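Commentary on secondary and tertiary structure
The residues making up each chain are set out below.
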Amino acid sequence: MDPAAGRREPTMRDVAALAKVSTKTVSRVINGLPGAGAEVTDRVRAAARTLGYRPNLTASSLRRSDRRSATIGVLFEDLSNPFDAALLRAVEDHARRHGVLVLAGSNEDDRTLQRELLLSLSARRVDALVVMAAGGHQDALQHERERGTPMVLVDRPPTFGGTDCVTTTNRDSARDAVTSLTALGHRDIAFLGDRRTLWTSQERYTGYLEGLARAGVALRPELVRGDLHGADLAETATAALLDLDRPPTALFTAQNLVTVGALRVLRARELHRRVAVIGFDDFPLADLLDPAVTVVRQDVPGIGRKAAELVLARVDGDTSPPVHAIVPATLVRRGSGEISPAR
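Residues numbered from 1 in each chain as written. Predicted model: local features only at pLDDT ≥ 70, side-chain atom pairs only at ≥ 80, totals over all residues. Heavy atoms only, no water.

Observations concerning the overall build of the protein chain
The secondary structure content of the protein chain amounts to 12 helices and 12 strands. The C-alpha atoms of the protein chain give a radius of gyration of 26 Å, which is well past the 20 Å a tight globule of 343 residues would have. Taken along the three principal axes of its C-alpha coordinates, the protein chain extends 85 × 45 × 40 Å. Here the protein chain, with 343 residues, has 48% of them falling under the buried criterion. For the protein chain, the proportion of contacts with a sequence separation of at least 24, taken over those separated by at least 6, is 69%. For the protein chain, the exposed area adds up to about 16900 Å²; of that, 51% sits on carbon and sulfur atoms. (Helix = DSSP H or I, 4+ residues; strand = E, 2+ residues; numbered from the N terminus. Rg over C-alpha atoms; globule rule 2.2 N^0.38 Å. Buried < 20%, exposed > 50% of the residue type's maximum accessible area, 1.4 Å probe, protein only. Contact = heavy atoms within 4.5 Å. Areas by Shrake-Rupley, 256 points an atom, 1.4 Å probe, with all protein chains shown as cover.)

So, the layout of surface pockets
The space that makes up the largest pocket amounts to roughly 300 Å³. Elements with a contribution of two residues or more to the lining of the largest pocket: α5 (82–97), α9 (199–214) and α11 (256–268). If you tally residues by element for the lining of the largest pocket, the top one is α9, at three residues. Along the lines of polarity and charge, the residues of the lining of the largest pocket split into five nonpolar, eight polar and 10 charged. (1 Å grid on protein atoms, 1.4 Å probe; cavity = no way out; pocket = protein on both sides within 12 Å on 5 of 7 lines; lining within 4 Å. Points joined across faces, edges and corners; volume = space filled by probe spheres on them. Nonpolar A, V, L, I, M, F, W, Y, C, P; charged D, E, K, R; others polar.)

Regarding a negative patch on the surface
Residues Asp78, Glu108, Asp110 and Glu116 make up a contiguous surface patch of negative charge. Assignment of secondary structure puts Glu108 in the loop between β2 (101–106) and α6 (111–123). When its relative accessible area of 57% is taken as the criterion, Glu108 is described as exposed. (Patch = residues over 30% accessible without salt bridge, like charges linked within 9 Å, V, L, I, M, F, W, Y side chains within 5 Å. Salt bridge = Lys/Arg side-chain N within 4 Å of Asp/Glu carboxyl O. Lys, Arg positive; Asp, Glu negative; His and termini not counted. Charge placed at Lys NZ, Arg CZ, Asp CG, Glu CD.)

Observations concerning the nonpolar core
Core analysis: the biggest nonpolar cluster contains 26 residues, and Ile72, Phe76, Leu87, Val154 and Val166 have the highest contact counts within it. At the level of secondary structure, the elements contributing two or more residues to this core comprise β1 (71–76), α5, β3 (128–131), β4 (151–154), α12 (300–315) and β11 (324–327). A per-element tally of this core places α12 first, with eight residues. Those residues within four positions of Ile72 in sequence are excluded, and the remaining contacts are Val91, Ala95, Val100, Leu101, Val102, Leu103, Val126, Ala128, Val311 and Leu312. One finds Leu228, Ala234, Leu263 and Val293 within the second-largest nonpolar core, a separate group that totals 23 residues. (Core = buried A, V, L, I, M, F, W, Y, C linked by side-chain atoms within 4.5 Å.)

What about the side chain of Asn256?
Relative to the elements of secondary structure, Asn256 occurs in helix α11. There is a polar contact of 3.0 Å between the side chain of Asn256 and the side chain of Asn81. Once residues lying within four places of it in the same chain are set aside, the contact partners of Asn256 are Asn81, Pro82, Phe83, Phe280, Asp281, Asp282 and Phe283. (Polar contact = N/O pair within 3.5 Å; in protein donor to acceptor, adjacent residues only side chain to side chain.)

Here's the deal with the pairing of strand β5 (residues 164–168)
Two faces, one strand: in a regular strand the side chains alternate between the faces of the sheet. Summarising burial for β5: five of the five residues are buried, a large majority. Along β5, one buried face is formed by Asp164, Val166 and Thr168 and the opposite face, lined by Cys165 and Thr167, is buried too. For β4 and β5, the ladder comprises three bridges, and the chain directions are parallel. Bridge pairing links Val154 to Val166 in β5. Pairing of β5 with β11, which is carried by four bridges, proceeds in the parallel orientation. Its bridge partner lying in β11, Thr168 is registered against Val327. (Pairing = 2+ DSSP bridges.)

With respect to the packing of aromatic side chains
Scanning all chains against the criterion turns up four aromatic pairs. Relative to Phe252, the ring of Phe191 has its centre 6.0 Å away and its plane inclined at 50°; by these criteria the two rings are tilted. Of the two residues, Phe191 is situated in strand β6 (residues 189–192) and Phe252 in strand β8 (residues 250–253); the sequence distance between them amounts to 61 residues. With respect to burial, Phe191 and Phe252 carry one shared label: buried. In textbook terms, an aromatic cluster arises when at least three aromatic residues are bridged by ring pairs, as seen for Phe191, Tyr205, Tyr208 and Phe252. (Phe/Tyr/Trp six-rings, centres within 6.5 Å; stacked < 30°, edge-to-face > 60°.)

Comments concerning the sheet that holds β3
Spatial strand order, β2-β1-β3-β4-β5-β11: six strands in an open sheet with parallel pairing. Whereas interior strands pair on both sides, the edge strands pair on one side only; in this sheet they are β2 and β11. The sheet shows a mean angle of 20° between the axes of neighbouring strands, direction not considered. For β1 and β3, the ladder comprises four bridges, and the chain directions are parallel. Residue pairing in the sheet places Leu75 in a bridge with Val131 of β3. (Axes fitted to C-alpha atoms, helices over the stretch in contact; angles between N-to-C directions.)

Shown next, in the form of structure tokens:
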């Protein structure tokens, strides 16, 4: 028999009886409201600890005049991706400092799954949402925003109005990365990108084109490979590029998992010291490879922190115009991007 089966959870009334105060006083202490002295507050908290009392946050939020649950929902593409995981941690750290819990999920860049997760979070009465939108239409996000839910989009801006977002310098940083390769003498620079439907992919590809144009380098369409969702597809694309009659002398890989796939092929063919690589987004151990990987590093903690600041301000009643915050990325030179073309 389960020993907990007949055990009753302690209530606010039990805490009040043990602390010898009213249930209203217990409610004030538990919800952090003014009106109870220090000695009474200590007594109530001690009684709650003794009884093992846990407040029912859902019921509490229904009773509160502001209807808040002290939770926010976070939907990113893939929380197993180091970029998404680090971004979640940054949002969570800031939210925790404000007494707010984060409920998170992966939408897998699937609009149907994103809609289901939005409904689930809404049913749990989250106070706000931080979302990395799935590619394509954002109808479900727009609907949730029009219902009045505060929302901040990260990495990819909204296609509808009235919503804050936080992105990085995708186009400018991609252009700078390609410019640094052309400055070394590279003229055959390949582009390997994520799904073409993603705003980030489009911006980074535009930056690639601008980098080539700035150096007067003609685009070779056969060096452009997109829709590489994951390292395996990037491996296949990289191998095909290297098998060309005139293979690239440098690769600009526009997403961290794409970079990983490209590096696997270069190392397998012992070309990692002959073909230059600059990747967009850092990834674990990139600085420990030989050569270490030159990357465009996003300020992930800064992006997450800014997103959390914006969404919590909206929860607190900020009605100022929508913000598109841009957190600059940095080109981190480590060696792979500084390889000159073979003469």
